[in-house]
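# Residue-level structure breakdown
Chain residues, written in single-letter form:
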Amino acid sequence: MDLVIGPLDLSAHVDEALAVQAAAFGLGPDEVAVRRQIVLRHMTHPGARALGATDRGRLVGFVYGMPNDRAHWWSTVVEPCLRAAGTDAWLDDSFVITELHVHPAHQNRGAGRALITTITDSATQPRSILSAIDTDSPARGLYRSLGYQDLARQVHFPSAPKPYAVMGARLPLRRPTAGR
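Anyway, here's the lowdown on the structure attached to this text. (Residues numbered from 1 in each chain as written. Predicted model: local features only at pLDDT ≥ 70, side-chain atom pairs only at ≥ 80, totals over all residues. Heavy atoms only, no water.)

## What about the overall build of the protein?
What counts, and what does not: Secondary structure counts use DSSP, requiring at least four H or I residues in a row for a helix and at least two E residues in a row for a strand, with both numbered from the N terminus. Whether two residues are in contact is decided by their heavy atoms: any pair within 4.5 Å suffices. Surface exposure here means Shrake-Rupley accessible area, sampled with a 1.4 Å probe, where a residue is shielded only by the protein chains that are shown.
When helices and strands are tallied, the protein shows five helices and seven strands. Ordered by position from the N terminus, the helices and strands of the protein form the series β-α-α-β-β-α-β-α-β-α-β-β. A fraction of 66% describes how many contacts in the protein between residues 6 or more apart in sequence connect residues 24 or more apart. Within the structure as shown, the protein displays about 9100 Å² of accessible surface, and the carbon and sulfur contribution to it stands at 53%.

## A word on the environment of Ala22
Rules: The buried label applies to any residue whose accessible area, calculated with a 1.4 Å probe on protein chains only, is under 20% of its type's maximum; exposed applies above 50%, and partly exposed to all values in between.
With respect to the helices, strands and loops of the structure, Ala22 is situated in helix H1 (residues 14-25). Taking the relative accessible area as the measure of exposure, Ala22 reaches 17% and is therefore buried. Once the C-alpha coordinates of Ala22 and Ala114 are considered, the two residues, 92 residues apart in sequence, prove to be 20 Å apart. With near-sequence residues (within four places) excluded, Ala22 lies in contact with Leu27 and Val32.

## Concerning the nonpolar core
Defined as follows: Nine residue types can take part in a nonpolar core, namely buried Ala, Val, Leu, Ile, Met, Phe, Trp, Tyr and Cys, and a core is a set of them joined through side-chain atoms within 4.5 Å.
Of all hydrophobic cores here, the largest spans 31 residues; its most connected members are Leu10, Tyr64, Trp74 and Val78. Sort the elements by how many residues they give to this core and H1 lands first, with five residues. Ignoring anything within four residues of it in the chain, the contact list for Val78 reads Leu91, Val155, Phe157 and Val166. Val60, Val102, Ala123 and Leu173 belong to the second largest nonpolar core, which has 23 residues in total.

## Here's the deal with the environment of Asp55
This is how it is decided: We call two N or O atoms a polar contact when they sit within 3.5 Å, provided that within protein one can donate a hydrogen and the other can accept it, with sequence-adjacent residues counted only if both atoms are side-chain atoms.
By the element assignment, Asp55 lies in strand E2 (residues 49-55). Residue Asp55 is classed as buried on the basis of its relative accessible area, which comes to 8%. Taking the C-alpha atoms as reference points, Asp55 and Val4, separated by 51 residues in sequence, lie 6.5 Å from one another. Reaching out from Asp55, the side chain makes a polar contact with the backbone nitrogen of Asp2 at a distance of 3.0 Å.

None of the figures reported here should be taken as evidence of function without further support.
So, in structure tokens, the structure goes:
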């Protein structure tokens, strides 16, 4: 694998990115159409930015995020759960990882780790937050290895069939040490 991590004009490459997300997340055409509009809207928010992972010029993964804003839809959904857990202060002065996906054929090779650490390395906020399906999964294992911890669990998003966990980490993210 010849992996290159770099800036991604997500608005211009939204269809390529959503094809990766569809493969990684099992999305159908109707879900992709809805997410396309969401991604394009997100990229208009101040501070929103994206990175892509390419292998021989082909997009195989992407991440995007932005400074969190309590007025954004995601924050309004997770805030009551975080407040109940006593962790709602994490919504302030945080960089939210909105989406991170790697094509299944390229997973478990470091692309996800490289994407999330690279995007958060340039964040001006002191911490990062994200949500992930609330199961024991490789994605949650990756997030934990980077220093993310559960802030709230069993968070239900409208129209999402499975509950999510909201996770947070202080920046910079933890790096593997020699011998690990």
